[in-house]
Amino acid sequence: MGQISAAITAVGKYLPDYVLTNTELETMVDTTDEWILTRTGIKERRILKGKGRGSSYMAIRAAKDLLKKSNVDPKEIELVIVATATPDMQAASTAAYTATEIGATNAFTFDLISACSSFLYAMSTAAKYIESGRYKKVLLIGSDKNSSMIDYTDRATCIIFGDAAGAVLFEPNSEGFGLQDEVLQTDGAGRAFLQVPAGGSQLPPTMETVKKGQHFVYQDGRTVFKHAVSRMAEVTEKILERNNLSKEGINWLAAHQANKRIIVATGNRIGLKESQVMLNIEKYGNTTSATLPLLLNDYEKEIKKGDTIIFTAFGGGFSWGAIYLTWAYNTK
Ligand code: UT7
């Protein structure tokens, strides 16, 4: 028997109804539609409204969308991973609740948390379970309710983030399609530049931390930007080099949607045409763990069986990497 590769065989998504436009943001903070569009490429983002709704609310709906489209029986799923930077709560796994709600009652589950690289790292993890030969259906969902940790009086961060979820199913493939290679990296020195200072074990919540706004995202945008551009380009080039891939050999770049300028710079660095660079940041902003699966959902009809896709992401930690994957199906 040949080697088993881990292929993506279905996708699904969920987008909250509420659309927060740049025009509405102009009424909330000192900013302009033009500034946001030229500096980030974002026109609007979705916000999950409603009391008691966390990331699982969106994860469940993205998973159900995938199950409906693919006709997969949830009872056949053996593992559910929820990639997220905004779990429903501490201690109780978001993935456990999500799996039960979608009827994946035979699955074991866990959350994978690594800021904006959560989904990329989780792709690697999901693939390993399939490649081991022991698991046949691994459901990976990226879901983030970023609005739960954003200060909507801080123009440096509130214009960037949105809420959403996306899901992919990994299954064994005997034709060699699926995850081919990966370069995953981290650098803890980056934590000073992108963090939510309080609410974790280091600085638990107090009246003081709330008063100081330490439960909101803090980002030194300029520093993060510089690192994102150079690190994503480095790993992307590295993965091409060691797989002997020239720009002609790549069909798509699926980069974390944090800033259009970073995405375009990465595409240019490896010589791709604009049409090969997947882009949907204008509609959703930075949805953290949902950016990569949302791209696959939006481009699913255009991606053909055998197409090569380079995934790349960069985020808090710092954490970053690139994954080379070949697509396993044509959409009917
Ligand atoms: O997903 C995790 C990884 N995150 C990223 O990859 C994000 C990386 N960083 C970025 O995308 C960009 O740095 C930002 C979009 C966050 C900011 O864009 P920038 O071009 O780096 O702006 P800046 O922070 O250097 O600020 C330039 C100016 C400043 O004014 P002065 O000091 O030049 O007078 C800011 O105060 O723009 C000002 N500014 C704004 N003006 C209008 C900052 N935010 C805004 C705003 N509207 N929303």
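Each chain has its residues counted from 1, running along the sequence as written. Totals for whole chains, interfaces and linings use all residues, but because this is a predicted model, local features are given only for residues with pLDDT of at least 70 and pairs of side-chain atoms are given and counted only at 80 or more. As a rule here, side-chain values cover all heavy atoms of the structure and leave hydrogens and water aside.

Student: How do you make sense of the sheet that holds strand β5 (residues 108-112) when you look at a structure like this?
Tutor: Two strands in a sheet stick together by hydrogen bonds in their backbones, pointing the same way (parallel) or opposite ways (antiparallel). In short, DSSP must find at least two bridges between two strands for them to pair. Helix numbering and strand numbering both begin at the N terminus, where a helix is a DSSP run of H or I of at least 4 residues and a strand a DSSP run of E of at least 2. Pairing within the open sheet is mixed, and its five strands lie in the order β1-β7-β6-β4-β5. Each edge of the open sheet carries a strand with a single partner, namely β1 (5-14) and β5. Strand-to-strand twist in this sheet, taken as the mean axis angle between neighbours without regard to direction, amounts to 20°. Of the pairings in the sheet, the one linking strand β6 (residues 138-145) to strand β7 (residues 163-173) comprises eight bridges and is antiparallel in character. Across the sheet, the residue bridging to G142 is G166, located in β7. The contact criterion used is simple: two residues touch if any of their non-hydrogen atoms lie within 4.5 Å. Every axis corresponds to a line fitted to the C-alpha atoms, with the helix fit spanning only the stretch in contact, and the corresponding angles, defined between N-to-C directions, vary from 0 to 180 degrees. The strands touched by helix α3 (residues 55-70) within the sheet are β1, β6 and β7, with β1 carrying the most contacts at an inclination of about 115°. Helix α4 (residues 94-102) rests against β4 (79-83), β5 and β6 of the sheet, and its axis sits at about 135° to β5.

Student: Explanation requested: the packing of α3 against α4 in the structure shown.
Tutor: What describes two packed helices is the angle between their axes and the distance between those same axes. Look at α3 against α4: their axes get within 9 Å of each other, and the N-to-C directions meet at 45°. Classified by the interaxial angle, the pair formed by α3 and α4 is oblique. The element α3 and its partner α4 pack so that their crossing is right-handed. Here α3 contributes S56, A59, I60, A63, K64 and L67 to the contact with α4, which in turn contributes T94, Y97, T98, E101 and I102. Note on residue categories: nonpolar means Ala, Val, Leu, Ile, Met, Phe, Trp, Tyr, Cys or Pro, charged means Asp, Glu, Lys or Arg, and polar means any other residue, Gly included. A class-by-class count of the residues in the contact of α3 with α4 yields six nonpolar, three polar and two charged. Angular relationships are summarised with four words: roughly parallel below 35 degrees, roughly antiparallel beyond 145, roughly perpendicular across 65 to 115, and oblique for the angles in between. Working rule for handedness: look at the near helix, and if it is turned counterclockwise from the far one by less than a right angle, call the crossing left-handed; if clockwise, right-handed.

Student: I would appreciate a short explanation of the site of the ligand in the present structure.
Tutor: Whether a residue is near a molecule or strand depends on its heavy atoms: it is near if one of them lies within 4 Å of it. In the vicinity of the ligand, 22 residues are found, and the nearest of them are T31, R39, R222, N259 and N286. Note that an oxygen atom of the ligand is positioned 3.0 Å from one of the backbone N or O atoms of G221. Here an oxygen atom of the ligand sits 2.7 Å away from a polar atom, N or O, in the side chain of N286. If you list the elements that add at least two residues to the shell around the ligand, you get α2 (33-40), α8 (221-242) and α9 (260-269). The leading source of residues in the shell around the ligand is α8, at four residues. Its residues placed into classes, the shell around the ligand shows 10 nonpolar, seven polar and five charged. Domain start and stop points were drawn from an automatic or database domain assignment. The two domains that each donate at least three residues to the shell around the ligand are domain 1 (5-176) and domain 2 (179-326). Side-chain atoms alone can form a polar contact between residues adjacent in sequence; in general such a contact is a pair of N or O atoms within 3.5 Å, and within protein one must be able to donate a hydrogen while the other accepts it.

Student: Is there a simple way to think about the sheet that holds strand β8 (residues 178-186) in this case?
Tutor: Spatial strand order, β8-β13-β12-β11: four strands in an open sheet with mixed pairing. Two strands bound the open sheet, and with one partner strand each, they are β8 and β11 (252-255). Strand-to-strand, the axes of this sheet are offset by a mean angle of 15°, without reference to chain direction. Two elements, β11 and strand β12 (residues 308-315), share four bridges in a ladder whose sense is parallel.

Student: I would appreciate a short explanation of the environment of Y152 in the present structure.
Tutor: Here Y152 is to be found in the loop between β6 and α6 (155-158). Each C-alpha atom of the pair Y152 and G316 lies 20 Å from the other, and the pair is 164 residues apart in sequence. Apart from residues lying up to four places away in sequence, Y152 is in contact with L20, M28, V29, I47, S147 and C158.

Student: Help me out: how do you make sense of the packing of aromatic side chains in this one?
Tutor: Geometry of an aromatic ring pair is reported as the spacing of the ring centres plus the angle between the planes. Aromatic contacts are taken between Phe, Tyr and Trp rings whose centres are within 6.5 Å, Trp giving its six-membered ring; a plane angle under 30 degrees counts as stacked, one over 60 as edge-to-face, and the others as tilted. With the rule as written, the count across this model stands at 11 aromatic pairs. Measuring from centroid to centroid gives 6.0 Å for Y14 and Y57, while their planes differ by 75°, and the two rings are edge-to-face. Here the residue Y14 occupies a position in strand β1, and Y57 occupies one in helix α3, the gap between them amounting to 43 residues. Here Y14 and Y57 have matching classes, each one buried. Grouping aromatic residues by their ring pairs yields a cluster made of F108, F110, Y129 and Y135. One residue, K49, lies across the ring of Y18, its end atom 4.5 Å from the ring centre. Buried residues are those whose accessible area, probed at 1.4 Å on protein chains only, stays under 20% of the maximum for their type, while exposed residues exceed 50% and partly exposed ones sit between those limits. Criterion for a charge above a ring: Arg CZ or Lys NZ at most 6 Å from the ring centre, at most 35 degrees from the ring normal.

Student: Where do I start with the side chain of T84 in this structure?
Tutor: Summarising the element assignment, T84 is placed in the loop between β4 and α4. With relative accessibility at 0%, the residue T84 sits in the buried group. Once you skip the residues sitting within four places of it in the chain, T84 turns out to touch S55, L112, I113, S114, S118, S143, D144 and S289.

Student: What exactly am I supposed to notice about the packing of α8 against α9 here?
Tutor: Packing of α8 against α9 leaves a shortest axis separation of 9 Å and a crossing angle of 30°. The angle between α8 and α9 falls in the class roughly parallel. Between α8 and α9 lies a crossing of right-handed hand. Each of F225, A228, V229, M232, A233, T236 and E237 in α8 lies in contact with α9, whose residues at this interface are R261, I262, A265, T266 and R269. Taken together, the residues of the contact of α8 with α9 sort by class into seven nonpolar, two polar and three charged.

Student: Got a minute to help me understand the domain arrangement of the chain in this structure?
Tutor: When the parts of a complex come together, some accessible area is lost, and that lost area is often used as the size of the interface. For the chain, the assigned domains read domain 1 (5-176) and domain 2 (179-326). Of the residues lining the interface, 55 residues belong to domain 1; the matching set on domain 2 comes to 49 residues. Salt bridges are identified by distance alone: a Lys or Arg side-chain nitrogen within 4 Å of an Asp or Glu carboxyl oxygen. Linking domain 1 with domain 2 are four salt bridges, by the criterion used here. With its nearest N and O atoms 3.3 Å apart, the salt bridge here joins K69 to E300.

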